[in-house]
Amino acid sequence: MSDETGAATGADADAAGVERRVRVVLVDDHRMFRTGVQAEIGRTDVTGVEVVGEAADVDQAVTVITATRPEVVLLDVHLPGGGGVEVLRRCASLMSAHEDPVRFLALSVSDAAEDVIGVIRGGARGYVTKTITGTDLVDSIFRVQEGDAVFSPRLAGFVLDAFASTDAPPVDEDMDRLTQREREVLRLIARGYAYKEIAKQLYISVKTVESHVSAVLRKLQLSNRHELTRWATARRLV
């Protein structure tokens, strides 16, 4: 019975046109989200996608990607340890390999201009938001594997405008005052995380979190975390 079931599954996959295969690593700091993506796209016999590794922060991501050499990495933008841009920086040699390059597709809840531009400049081949359907995500993964650039429809026009211009894209001078770590703390504060939770997420002490928050408030000339949250929400950073 198991042989017949396996044969039927293979036949169904062939009938559905699932002949391609792609090895993928999932990088996201939320375990439940990774589990959901795995369940949605990880049925290799149906989708052609084989999830070969997962990671929750920058160091884990670099280790897993280097060890497994996937064809495509689904990369969240906001990660403990420096964010998706840091993963791209540390994996630059894998992206530029002449044979079997590792390609990156950003998969994020954020559609903020600085996030999109940052990861594309870092070497990602595309950027899709987490509202994407499983079917469209699988299609995007294969397109990136083949070397295409892929963007969520709402972001495509923005990206084209930003990179077609000879001028640098607009810079948020307030955000530019913040260090990368301060930006990470800012986003987590705006998402409602407590100081202890932020410390755990970023592998730093609560006292260090407090110092970063004080620095952010000072640089942005804000009085408290409620004003900070409103500021971040207005810029679509949450």
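Structure: see above.
Residues numbered from 1 in each chain as written. Predicted model: local features only at pLDDT ≥ 70, side-chain atom pairs only at ≥ 80, totals over all residues. Heavy atoms only, no water.

Draft legend 1. Structural view of the packing of aromatic side chains. For the structure shown, the criterion picks out 0 aromatic pairs. The ring of Phe142 carries Arg20 above its face, with NZ or CZ at 4.1 Å from the centroid. The lysine or arginine in question, Lys130, covers the ring of Phe33, its NZ or CZ lying 4.1 Å from the ring centre. (Phe/Tyr/Trp six-rings, centres within 6.5 Å; stacked < 30°, edge-to-face > 60°. Lys NZ or Arg CZ within 6 Å of the ring centre and 35° of its normal.)

Draft legend 2. A look at the sheet that holds strand β6 (residues 150–151). The sheet built from 6 strands is open, its strands ordered β2-β1-β3-β4-β5-β6 with parallel pairing. Edge positions in the sheet fall to β2 (49–55) and β6, since each of these pairs with one other strand and no more. As defined by bridge partners, strand β1 (residues 22–27) adjoins β2 across 6 bridges and the pair is classed as parallel. Counted as the bridge partner of Val24 is Val51 from β2. Where helix α4 (residues 58–68) meets the sheet, it contacts β1, β2, β3 (72–75) and β4 (103–108), and its direction lies at approximately 170° from that of β1. Seen against the sheet, helix α8 (residues 134–145) touches β1, β2, β3, β4, β5 (126–129) and β6 and runs at an angle of roughly 150° to β4. (Pairing = 2+ DSSP bridges. Helix = DSSP H or I, 4+ residues; strand = E, 2+ residues; numbered from the N terminus. Contact = heavy atoms within 4.5 Å. Axes fitted to C-alpha atoms, helices over the stretch in contact; angles between N-to-C directions.)

Draft legend 3. Here's a closer look at the nonpolar core. Among the nonpolar cores identified, the biggest contains 26 residues, and Val27, Ile65, Val87 and Phe104 are the most heavily contacted of them. Mapped onto this core, the elements with two or more residues apiece are β1, α4, β3, α5 (83–90), α6 (92–95), β4 and α7 (113–122). The dominant element in this core, judged by the number of residues it contributes, is α4, at 5 residues. Setting aside anything within four residues of it in sequence, one finds Val87 in contact with Val58, Ala61, Ile65, Leu75, Leu79 and Phe104. Judged by nonpolar contacts, the second largest core, of 20 residues, contains Leu188, Ile189, Leu217 and Leu222. (Core = buried A, V, L, I, M, F, W, Y, C linked by side-chain atoms within 4.5 Å. Buried < 20%, exposed > 50% of the residue type's maximum accessible area, 1.4 Å probe, protein only.)

Draft legend 4. Expanded view of the packing of helix α11 (residues 180–190) against helix α14 (residues 225–234). Where α11 contacts α14, the two axes come as close as 9 Å, and the packing angle between them is 100°. By the angle class used here, α11 and α14 are roughly perpendicular. Residues Leu186, Ile189 and Ala190 of α11 form the contact with α14, whose participating residues are Arg225, Leu228, Thr229, Trp231 and Ala232. Looking at the contact of α11 with α14, its residues break down into 6 nonpolar, 1 polar and 1 charged. (Parallel < 35°, antiparallel > 145°, perpendicular 65-115°, else oblique. Nonpolar A, V, L, I, M, F, W, Y, C, P; charged D, E, K, R; others polar.)

Draft legend 5. Highlighting the pairing of β1. Of all 6 residues in β1, 5 are buried, a share of seventy percent or more. Bridge analysis of β1 against β3 gives 4 bridges, and the strand direction is parallel. Looking across to β3, one finds that Leu26 is bridged to Leu74.

Draft legend 6. Spatial organisation of the environment of Pro153. Topologically, Pro153 is positioned in helix α9 (residues 153–164). Counting along the chain gives 25 residues from Pro153 to Val128, while the straight-line C-alpha distance between them is 8.6 Å.

Draft legend 7. Spotlight on the pattern of salt bridges. Within this structure, the stated rule accounts for 9 salt bridges. A salt bridge links Glu54 to Arg34; the nearest nitrogen and oxygen atoms lie 2.9 Å apart. With Glu54 in strand β2 and Arg34 in helix α2 (residues 31–41), the pair connects residues that are 20 residues apart, well separated along the chain. Relative accessible area serves as the criterion here: at 34%, Glu54 is assigned to the partly exposed category. Between Asp59 and Arg90 there is a salt bridge, with the nearest N and O atoms lying 2.9 Å from each other. (Salt bridge = Lys/Arg side-chain N within 4 Å of Asp/Glu carboxyl O.)

Interpretation in functional terms is not warranted from these geometric data alone.
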